[in-house]
Amino acid sequence: MPRPAAGGSAAPSSEEEVEQPLAEDAVLDIDEIRRESDVDAVLDRLDVELVGLLPVKTRIREIAALLLVDRMRSQFGLSSSRPALHMSFTGSPGTGKTTVALRMAELLHGLGYLRRGHLVSVTRDDLVGQYIGHTAPKTKEVLKRAMGGVLFIDEAYYLYKEDNERDYGAESVEILLQVMENQRDDLVVILAGYKDRMDDFFRSNPGMSSRIAHHIDFPDYTVDELAAIAGLIAAEHEYVLPGDTTAVLRDYLEKRMRQPRFANARSVRNAIERARLRQANRLVSQPGASVTKQQLQELTPADFLASRVFTEHSDRQSDDDTSGVC
Ligand SMILES: Nc1ncnc2c1ncn2[C@@H]1O[C@H](COP(=O)(O)OP(=O)(O)O)[C@@H](O)[C@H]1O
Ligand SMILES: [Mg+2]
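Residues numbered from 1 in each chain as written. Chains lettered and ligands numbered in written order. Predicted model: local features only at pLDDT ≥ 70, side-chain atom pairs only at ≥ 80, totals over all residues.

Further remarks concern the overall build of the protein. Within the protein, the secondary structure is distributed over 14 helices and 5 strands. By residue count, 33% of the 326 residues in the protein fall in the buried class. Long-range contacts, defined as pairs at least 24 residues apart, comprise 77% of the intrachain contacts of the protein with a sequence gap of at least 6. (Helix = DSSP H or I, 4+ residues; strand = E, 2+ residues; numbered from the N terminus. Buried ≥ 20, exposed ≤ 12 C-beta atoms within 10 Å, placed from the backbone. Contact = placed C-beta atoms within 7 Å.)

A few words on the nonpolar core. If you look at the biggest cluster of nonpolar residues, it comprises 47 residues, and the most contacted ones within it are Leu108, Val189 and Ile190. For this core, the leading source of residues is helix H4 (residues 97-110), giving 6 residues. Not counting chain neighbours up to four residues away, the residues in contact with leucine 108 comprise Leu85, Tyr113, Leu114, Gly117 and Val188. (Core = buried A, V, L, I, M, F, W, Y, C linked by C-beta atoms within 7 Å.)

In this structure, aspartate 38 is a non-glycine residue whose phi angle is positive, near 65°. Looking at the element boundaries, aspartate 38 is found in the loop between helix H1 (30-37) and helix H2 (39-49). You will see that arginine 261, though not glycine, has its phi angle at about 60°, which is positive. Relative to the assigned elements, arginine 261 resides in the loop between helix H11 (243-257) and helix H12 (264-284). For arginine 261, a count of 15 C-beta atoms within 10 Å corresponds to the partly exposed category.

Taken together, the neighbourhood of ligand 1 is formed by 18 residues, with Gly96, Lys97, Thr98, Thr99 and Ala265 sitting nearest. Looking at the shell around ligand 1, the elements that each hand over two or more residues are H4, helix H10 (223-236) and H12. Residue composition of the shell around ligand 1, grouped by class: 8 nonpolar, 7 polar and 3 charged. (Near = placed C-beta within 6 Å. Nonpolar A, V, L, I, M, F, W, Y, C, P; charged D, E, K, R; others polar.)

This part is about the confidence of the model for the protein. Per-residue confidence for the protein averages 89 on the pLDDT scale, and 89% of its residues sit at or above 70. Between residues 1-15, whose pLDDT stays under 50, and residues either more than four places distant or in other chains, the model counts 25 contacts. Between residues 322-326, whose pLDDT stays under 50, and residues either more than four places distant or in other chains, the model counts 6 contacts. (pLDDT = per-residue confidence, 0-100.)

With parallel pairing, the 5 strands of this open sheet are ordered in space as S2-S3-S4-S1-S5. The open sheet is flanked by strand S2 (119-122) and strand S5 (214-218), the only strands paired with a single partner. Within the sheet, the average angular offset between the axes of one strand and its neighbour, ignoring direction, is 20°. As defined by bridge partners, S2 adjoins strand S3 (residues 150-154) across 4 bridges and the pair is classed as parallel. In the sheet register, valine 120 faces S3, and the bridge partner there is leucine 151. Against the sheet, helix H6 (residues 135-146) touches S2 and S3, its axis set at about 155° to S2. (Pairing = 2+ DSSP bridges. Axes fitted to C-alpha atoms, helices over the stretch in contact; angles between N-to-C directions.)

Here it is, written out as structure tokens:
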């Protein structure tokens, strides 16, 4: 868990008074600095909590290393202009973007780059008004809430509609651009959404593109990864997936992946929720009123086989999912 960075050890911003630099021959203890900043705790949590995502984890480690080095350089009085930290996270729904953004906020807080380290997650509707004069106050209110932390803008491309000159989104983008430039000491913006749409958005918004320092792509999960994620989610709720259940679940996932509105790990979470409902129903409605701890924990093949995914045509929406990116 992050804690407030010790006042003096935070990376100094341009306005802050810079501490007396260390002596030329001083030696810094990297381990101690890592411990102080909680960087390892956050990185370990990423590893344990999130299945797969190796390229993402590697990028986050690289960014963490850069920030650590930057911090140590500043202690020697070496150039320590704040590194650019605005990012874009691209990938399908349910690939872990929001979760990683939360960890990123913790990381930046631990390293002293963000004073609060919280995450404010918004979409176009939170930033852009319906009527003239409404957009600027809305966007500014969101920015105020996000200061000192990370502003996560989901499906950021909806902010800007190229073909609509009178769209108020452009006004919001203007304000965001200014704050991303002028208040980058106090706010990190992460833009998220599908990769192709985000690429288009950056093409038509060079100002935004040039302010993004790190582009991180979140790949879709494989069936193996989804099955592992199911195990994690079940364990999180103290449920057990026996071997025969896992086999059915894999079958379920393979079918579900081909259906509309499939949302990677979020669909897995929803599938487990539905299975819990079916299990509860099954246990409560069985004849005779006894149940064991094991029965209360186990999700059986039947709890998944009852899903419409197994009977529905693949062009129809499944009952096992909610829609949208969030
Ligand atoms: N690699 C993963 N391992 C375990 N759980 C994951 C993983 N990726 C996502 N999840 C879970 O799936 C859900 C959706 O993830 P989220 O970060 O909201 O995705 P996105 O923001 O890309 O739509 C969350 O409950 C999250 O904990
Ligand atoms: Mg999300």
